[in-house]
Amino acid sequence: MSRQLGFILRRLLLTIPMLFVMSVVVFLIIRLVPGDPVRTMLGFRATDANVAELRHRLGLDQSLLDQYLGWAGALLRGDLGKDIVSHAPLAQLLAQRLPVTFELTGLSMLLAVLVGVPLGVRAATGGRWIKRLTEAFVIFGISVPDFWLGIMLVLIFAGTLVILPPSGYVPFATDPVGNLRYMVLPVLTLATGEAAYILRTTRGAVGSVMNRPFITFLRAKGIGTRRIIFGHALRNAGPSIVTVIGIQVGVLLGGAIIIETMFALPGVGRLVVTGINQRNYPTVQVGILAIATIFIVVSLITDLVVAWLDPRVADGGGT
Amino acid sequence: MTATANLPAKSLEVGTPRRSPRHFILLGGLILALLALVAIAAPLIAPHDPESVDVHRVLGAPDLQHPFGSDVLGRDVASRVIYGLRASLLVSVSAVLASLILAVPLGLLAGYFGRWVDSTISRTLDLILVFPAMLLAVTFIAILGPGSVIAALAIAVIYLPILARVMRTSTLIVARNDYVAGSRARGASHLRVLVTHVAPNAFGPAIVQASVLSAFALQLEAGLSFLGLGTQPPTPSLGGMLADGREVLIQAPWVEIFPGLVIVVAVLGFTFLGEGLRRIFDPRGVGE
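Residues numbered from 1 in each chain as written. Chains lettered and ligands numbered in written order. Predicted model: local features only at pLDDT ≥ 70, side-chain atom pairs only at ≥ 80, totals over all residues. Heavy atoms only, no water.

What to know about the overall build of chain B
- A count of helical and extended segments in chain B gives ten helices and zero strands.
- Ordered by position in the sequence, the α and β elements of chain B form the string α-α-α-α-α-α-α-α-α-α.
- Taken along its principal axes, the extent of the C-alpha atoms in chain B is 75 × 60 × 35 Å.
- For chain B, the exposed surface amounts to about 13,200 Å²; the carbon and sulfur share of it is 67%.
- The positive charge centre, built from 20 side chains, and the negative charge centre, built from 17, are 17 Å apart in chain B. (Helix = DSSP H or I, 4+ residues; strand = E, 2+ residues; numbered from the N terminus. Areas by Shrake-Rupley, 256 points an atom, 1.4 Å probe, with all protein chains shown as cover. Lys, Arg positive; Asp, Glu negative; His and termini not counted. Charge placed at Lys NZ, Arg CZ, Asp CG, Glu CD.)

Re the overall build of chain A
- Scanning chain A from N- to C-terminus turns up twelve helices and zero strands.
- When the helices and strands of chain A are placed in sequence order, the string is α-α-α-α-α-α-α-α-α-α-α-α.
- With the C-alpha coordinates of chain A rotated into their principal frame, the extents come out at 85 × 60 × 35 Å.
- Looking at chain A residue by residue over its 319 residues, the buried ones come to 51%.
- Taken as a whole, chain A presents about 14,900 Å² of accessible surface, with 67% of it coming from carbon and sulfur. (Buried < 20%, exposed > 50% of the residue type's maximum accessible area, 1.4 Å probe, protein only.)

A few points about the nonpolar core
- Formed by 162 residues in total, the largest nonpolar core has its most connected members in A:Trp71, A:Leu104, A:Val206, A:Ile288, B:Met134, B:Val198 and B:Leu227.
- In this structure B:Leu227 touches A:Ile257, A:Ile258, A:Thr261, A:Val273, A:Asn277 and B:Met134, once residues within four positions along its chain are discounted.
- Listed in part, the six residues of the second largest apolar core include A:Ala123, A:Ile142, A:Ala196 and A:Leu199. (Core = buried A, V, L, I, M, F, W, Y, C linked by side-chain atoms within 4.5 Å. Contact = heavy atoms within 4.5 Å.)

Some thoughts on the interface of chain A and chain B
- With 61 residues of chain A in contact, the opposing surface of chain B contributes 46 residues.
- Together chain A and chain B conceal approximately 4,600 Å² of surface at their shared face, both sides included; 76% is due to carbon and sulfur atoms.
- Across the contact surface, chain A and chain B share two residue pairs in polar contact (both at pLDDT 80 or more).
- At the level of secondary structure, the elements contributing two or more residues to the side of chain A that touches chain B comprise α1 (2–32), α5 (90–125), α6 (128–143), α7 (146–160), α8 (176–210), α10 (225–262), α11 (268–277) and α12 (281–309) of chain A. (Buried area = accessible area lost by both parts, 1.4 Å probe. Polar contact = N/O pair within 3.5 Å; in protein donor to acceptor, adjacent residues only side chain to side chain.)

Topic: the packing of helix α3 (residues 77–113) of chain B against helix α8 (residues 190–226) of chain B
Residue and element names in this part refer to chain B.
- Following both chains from N to C, one finds α3 and α8 inclined at 145 degrees, their axes separated by 7 Å at the closest point. When the axes of α3 and α8 are compared, the crossing they make is right-handed.
- Residues of the contact of α3 with α8, tallied by class, amount to 20 nonpolar, four polar and one charged. (Axes fitted to C-alpha atoms, helices over the stretch in contact; angles between N-to-C directions. Left-handed = near helix turned anticlockwise from the far one by under 90°. Nonpolar A, V, L, I, M, F, W, Y, C, P; charged D, E, K, R; others polar.)

What about the packing of aromatic side chains?
- Applying the stated criterion across every chain, the model contains six aromatic pairs over all chains.
- Taken together, the ring pairs in this structure connect A:Phe20, A:Phe27, A:Tyr68 and A:Trp71 into an aromatic cluster. (Phe/Tyr/Trp six-rings, centres within 6.5 Å; stacked < 30°, edge-to-face > 60°.)

A look at a nonpolar patch on the surface
Residues and elements named next belong to chain A.
- Taken together, the side chains of Leu 107, Leu 110, Leu 114, Phe 172 and Leu 180 define a hydrophobic patch exposed on the protein surface, amounting to about 470 Å² of accessible area.
- Top element by residues in the nonpolar patch is α5. It accounts for three residues.
- Assignment of secondary structure puts Leu 114 in helix α5. (Patch = residues over 30% accessible without salt bridge, like charges linked within 9 Å, V, L, I, M, F, W, Y side chains within 5 Å. Salt bridge = Lys/Arg side-chain N within 4 Å of Asp/Glu carboxyl O.)

A short note on the pattern of salt bridges
All names here are of chain A.
- What the rule picks out here adds up to six salt bridges over all chains.
- With a closest N to O distance of 2.6 Å, Arg 11 and Asp 303 form a salt bridge. Taken together, the positions of Arg 11 in helix α1 and Asp 303 in helix α12 put the pair 292 residues apart, joining distant regions of the chain.
- Since its relative accessible area comes to 7%, Arg 11 is described here as buried.

Looking at the confidence of the model for chain B
Residues and elements named next belong to chain B.
- For chain B, the average pLDDT comes to 82, and 91% of its residues sit at 70 or higher.
- Least confident of the elements in chain B is helix α2 (residues 42–45), whose mean pLDDT is 82; most confident is α3, at 90.
- In this model, residues 1–17 is a region of pLDDT below 50 whose contacts with residues beyond four sequence positions or in other chains number 36 contacts.
- Per the prediction output, this complex has pTM 0.83; the corresponding ipTM is 0.81. (pLDDT = per-residue confidence, 0-100.)

Comments concerning the environment of B:Leu37
Residue and element names in this part refer to chain B.
- Turning to its location among the elements, Leu 37 is positioned in helix α1 (residues 21–40).
- You can call Leu 37 exposed: its relative accessible area is 57%.
- A sequence separation of 49 residues divides Leu 37 from Arg 86, and the C-alpha atoms of the two residues are 9.6 Å apart.

What to know about the environment of A:Val25
Residue and element names in this part refer to chain A.
- In this fold, Val 25 is placed in helix α1.
- Taking the relative accessible area as the measure of exposure, Val 25 reaches 39% and is therefore partly exposed.
- A C-alpha to C-alpha distance of 19 Å links Val 25 and Asp 83, two positions 58 residues apart in sequence.

A look at helix α4 (residues 64–76) of chain A
All names here are of chain A.
- With 13 residues, α4 extends 18 Å from end C-alpha to end C-alpha; this agrees with the ideal 18 Å at 1.5 Å per step.
- Taken as a whole, α4 has its buried residues at Gln 67, Tyr 68, Trp 71, Ala 72, Gly 73, Ala 74 and Leu 75.
- Where the residues of α4 are buried, they touch α1 and α12.
- Gly 78 lies just past α4 and shows a positive phi near 90 degrees. (Expected span 1.5 Å × (residues − 1).)

Some words on unusual backbone geometry
- Residue B:Pro233 is joined to B:Pro234 through a cis peptide bond whose omega torsion reads 10 degrees.
- The backbone phi angle of A:Val162 is positive, close to 45 degrees, even though this residue is not glycine.
- Of note, the phi angle at B:Arg115 is positive, near 45 degrees, even though the residue is not glycine.
- Mapped onto the fold, B:Arg115 is located in helix α4 (residues 115–129).

With respect to the confidence of the model for chain A
- On average, residues of chain A carry a pLDDT of 86, and 98% of them reach 70 or more.
- Within chain A, helix α2 (residues 37–42) of chain A has the poorest average pLDDT of any element, 77, and α5(A) the best, 93.

Describing the side chain of B:Ser183
Residue and element names in this part refer to chain B.
- Relative to the assigned elements, Ser 183 resides in helix α7 (residues 178–185).
- Its relative accessible area of 4% is what places Ser 183 among the buried residues.
- Not counting chain neighbours up to four residues away, the residues in contact with Ser 183 comprise Ala 188, Val 193 and His 197.

So this is what it looks like as structure tokens:
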């Protein structure tokens, strides 16, 4: 138990340098822009006074270390700065945008797990036709870019069948049914590729467990396939599946940047893309910071869950 | 599920049914050769100027003159797809090649010398590997500004740690061989051993991985151009075309379907080629 605790502490401590490095990179975004970022942001019609004013407001007239300390200090106090186009406080903007991204990625991951894990188990233990079918699904899910899949889904469900809206968004609190209707196509788009990865991993992990001697032993003891799969094979394949889910959350967050733009969902990803095109650097910084932080926290949770499922990980052994 | 208990143990075999690697290589190679030919010969094949606007042909449906129809500005979709393919392949393939050129020496050094050389190289590259690819690309472009060269650079940087890691692992395996120790014992320099013995034998898995990554690079490039962060208009790119047609998707689906289909086919080409090559050059699964 103390080893487990030691592992949890070490893993928590490891998160600090990750957050630090990430914050430095995000901090540097605006400082690394070639030329004068303030002139780029304001456009060529800006007066010298405008430029000096914004430069001062962003703290760009101080030494780099002072700038970082000031910026990071403000972040820790919850002061994320202001959007330079709309002048809205970024904390407020983020509070509106984050739930959309959470809903999109959360529902997609849920669907991907619900489809990928059972199909993966079937692929590892089932007959030839289910293997062929799942293999085709894996190739399809991995090779088809999600935005093209999105286009096809829109054509089918919004263009031909006209049963779902092609794009747009209403908050869940305002209209729960409407919200879910808008979410169906983006979630299907994002979840398909993820389900393929999870299926492949589950198939591999369960398959390799099924070949181990203890499974043969359990069979010899007369234990049913269902109990062997759920009681033993999945239990042993769990850590690999959870690891892949953790990694794929990153891919989902990246995919959400495209899918939010494509389906006009007002999430954090779309905020970043609009920000880059408008040279709205403070907003870009906050958006990237938010996505990267979510990813770091999810990785942390994944590692802790894996260590809980397989205590050998905490001992430094691994599966 | 209960029925499987009575099936013979053979049905519990792991993974995909074994197919000949030659089929994959042949299929992938054929697709890619065809696409490369189209991309290279774009000026000869394209029926129209991809950038010429025609107000009389706005969102025209496919016909004999314009087999893929025309877009919002009346431009010929077929010609734009051909030129777009050229841009997309150029960006993604050159990005992966640049990444490979940097990754091979880094991986060789890390795997061959080990110790501090290894930990310096590996830990530095791990920093890149921690974050999701799309987020890195977007961050990179947020700094340097949108454009096809920047997009290629971003993709190259993102795949560098993956390729270097594969190269390092296969170098570790090759360097353990007796002929490497023998060559050193006969007085060959480290450089000579690396170049003549280790590198040629450790190269396979990296090539396989590069082929697989090209499929992802193509998708990433298309995604970035779709967001307006990659290849800039008026230069046609497959991703950019998908963005242009988004508003008129339901009225004029041909504006979206054809560029998308070409991306899918190209991605499949790289995936098949990579899968076939993997079964020949990386049977140990170093690149997995």
